[in-house]
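This is what each chain is made of:
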Amino acid sequence: MRKKVVLAGNSGVGKTTLAKRLTGRYTEDTRMTVGVEFFTVREGNVKLVVFDFAGQERFRPVIEGMGRGASMVLLVFDVSRPSTLYSLREWATVSGASDARILLVGNKIDLGMRVDSEEIRRVAAELGADGVILVSANTGEGIEELKKTLVSA
């Protein structure tokens with residue numbers, strides 16, 4: 001079974017590092033994504049095709065078309081930068097995946113939480129998200145939970 005997963009969110013929230021961690025290709029040397037990168041993850045009989053979109057404004061038109069057909073949209077924010085949580089409202093509409101389930105992913109928990117958990121739940125409810133998972137793509141904390149959620153969704 002093949003599932004399309006879209007990563008969306010501001011530049012610098014760790015989407016590429018997250019994708020690399022999910023695929024087992026994590027390196028500390030990650031460069032800013034230009035346009036879109038593709039990653040694949042195999043878990044049993046499930047193949048996840050992960051679309052990692054650039055977080056810059058100029059790439060948003062590309063994202064809208066490429067998000068179609070996704071089964072899951074991961075709206076990624078940096079828990080140490082509250083502004084990235086609030087910008088998810090824009091990314092939710094840009095993803096182009098109208099029928100996809102939405103999951104909020106709070107990344108960089110290793111840097112400390114600067115976003116109130118009640119505020120995260122409020123934004124998740126507002127966006128119709130199926131849930132919130134907190135991770136550190138840098139240390140790997142929470143990545144297995146995220147992978148299991150993606151495979152079972």
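A brief look at the structure comes next. Here the structure is a predicted model, which is why all the values come from computation and not from measurement. (Residues numbered from 1 in each chain as written. Predicted model: local features only at pLDDT ≥ 70, side-chain atom pairs only at ≥ 80, totals over all residues. Heavy atoms only, no water.)

### Comments concerning the nonpolar core
Put simply, the test is: Residue types Ala, Val, Leu, Ile, Met, Phe, Trp, Tyr and Cys, when buried and joined through side-chain atoms within 4.5 Å, form a set referred to as a nonpolar core. Using a 1.4 Å probe on the protein chains alone, a residue whose accessible area is under 20% of its type maximum counts as buried, one over 50% counts as exposed, and one in between counts as partly exposed. Working definition: helices are DSSP H or I runs of at least four residues, strands are E runs of at least two. Numbering for both runs from the N terminus. Contacts are residue-level and defined by heavy atoms, with any inter-residue pair within 4.5 Å sufficient.
Within the largest apolar cluster, 23 residues are counted, with the highest numbers of intra-cluster contacts made by Val6, Leu75, Phe77, Leu85, Leu88, Leu104 and Leu127. Elements represented by at least two residues in this core include exactly strand E1 (2-8), strand E3 (46-53), strand E4 (72-78), helix H4 (88-94), strand E5 (101-107) and helix H5 (117-127). If one sorts the elements of this core by residue count, H5 sits on top with 4 residues. Residue contacts for Leu85: discarding those within four places in its chain leaves Phe77, Leu104, Val115, Glu119, Ile120 and Val123. Counting 22 residues, the second largest nonpolar core, distinct from the first, contains Val46, Val105, Ile143 and Leu150.

### So, the environment of Gly12
As for its position among the elements, Gly12 is in the loop between E1 and helix H1 (15-23). With 65 residues separating them along the chain, Gly12 and Phe77 place their C-alpha atoms 8.9 Å apart.

### Details of the environment of Ile109
Turning to its location among the elements, Ile109 is positioned in the loop between E5 and H5. Between the C-alpha atoms of Ile109 and Val79, which are 30 residues apart in sequence, the distance is 6.2 Å. Setting aside residues up to four positions removed in sequence, Ile109 forms contacts with Val79, Leu134, Val135, Ser136 and Glu141.

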